[in-house]
Structure formats: structure tokens, C-alpha cells
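# Notes for the structure review
Residues per chain are reported as follows:
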Amino acid sequence: MNIKKGDTVKVIAGKDKGAEGKVIQVLREEQRVIVEGVNRIKRHTKVVNQGGRAGTTGGIITAEAPIHISNVMLVDGDGVTRIGFRRDEVTKRRPDGSTYQAERSVRISRKTGKEI
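Residues numbered from 1 in each chain as written. Predicted model: local features only at pLDDT ≥ 70, side-chain atom pairs only at ≥ 80, totals over all residues. Heavy atoms only, no water.

## What about the nonpolar core?
In summary, soluble globular proteins display a tendency toward joint burial of nonpolar side chains. Stated formally: Put simply, buried Ala, Val, Leu, Ile, Met, Phe, Trp, Tyr and Cys residues joined by side-chain atoms within 4.5 Å make one nonpolar core. Note on exposure labels: buried denotes an accessible area under 20% of the residue type's maximum, exposed denotes more than 50%, and partly exposed covers the range between, all computed with a 1.4 Å probe on protein chains only. Secondary structure is summarised from DSSP: a helix means a run of H or I of at least four residues, a strand means a run of E of at least two, and numbering begins at the N terminus for each. We call two residues in contact whenever any of their non-hydrogen atoms come within 4.5 Å of each other.
Ranked by size, the top nonpolar core spans 12 residues in total: Ile3, Val9, Val11, Val23, Val33, Val35, Val38, Ile67, Ile69, Val72, Leu74 and Ile83. Among the elements of the structure, β1 (8-11), β3 (32-35) and β7 (72-76) are those that each provide at least two residues to this core. Non-local contacts of Val9, meaning those with residues more than four positions away in its chain, are made with Ile3, Ala19, Glu20, Gly21, Val23, Val35, Val72, Met73, Leu74 and Val75.

## Structural notes on the UniProt feature "domain: KOW" (unreviewed entry) in the protein chain
Note the threshold: UniProt positions are given in the numbering used here, feature names are shortened, and annotations may be inferred rather than shown by experiment.
Per the UniProt entry, the sites bearing "domain: KOW" (unreviewed entry) are residues 2-29 in this numbering. Structurally, residues 2-29 is divided into 0% helix and 43% strand, and its ends, taken at the C-alpha atoms, are 14 Å apart.

## Observations concerning the sheet that holds β3
This is how it is decided: In this description, strands pair whenever DSSP reports at least two bridges between them.
Taken in spatial order, the six strands line up as β6-β3-β2-β1-β7-β8 in an open sheet, and their pairing is antiparallel. Looking along the sheet, the strands with just one partner apiece sit at the ends: β6 (67-68) and β8 (79-81). When strand β2 (residues 20-27) meets β3, the two strands line up antiparallel, connected through four bridges. Bridge pairing in β3 places Leu27 opposite Arg32.

Right under this line is the structure:
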């Protein structure tokens, strides 16, 4: 999965096409993401008095429903972009103070080539 929690994405298909929002949650197993302000549904809930004061109040609750990952694209600058990966050489330090060379995977924008 290339989209991560906290990314700003744009919906490219569906009833909310064109909407932008921040990713609240990524559901890996279902290949879906929950985006802030997108695919909102209304759920009718009952009053539950179990547990005394800890009961829930009834009413209509509006919440975001998951949207498939293929229907969103990452926003980079003024437009959308695909996501690629690049391996960068880095110097790491061991607890005893010595250093060594290692590689780090970095997400990059396919459009600009810059690090995300």
C-alpha cells in the first residue's frame, strides 16, 4: 500500500469525485482507506441505557465510510501524482558509537521525483 495515514488524497472516481481530504485510517486487509469528509454515511442509533451513565444517546450519526484505495490519488503540490520508491544510502550509528552504511527506502513523487 502506497497511501499512508496523514496523506492528503484526491478522490478520482465515485460519487465524491474531485474531493480532497486527509487519510484518517488505512484498512490494509480490505485495501480501503477512510478519508476525512469523503463518502459520508448516516447511521441511526438507538438509546442504550446499559451501564447507567455510560449509556449512549440515540440519534443520527454522520461518519466517513471506507473507500477503495484505487479510487484515490496522492496530492503533491497543485496536482495529483503516483508514488514510487527509491533506495538512499545513509550512515547509521551503532550503540557503541561506530558507524556503518545502510539503505533506506524513500517514497517519491513520480511526477516531480521529489521525496514525499
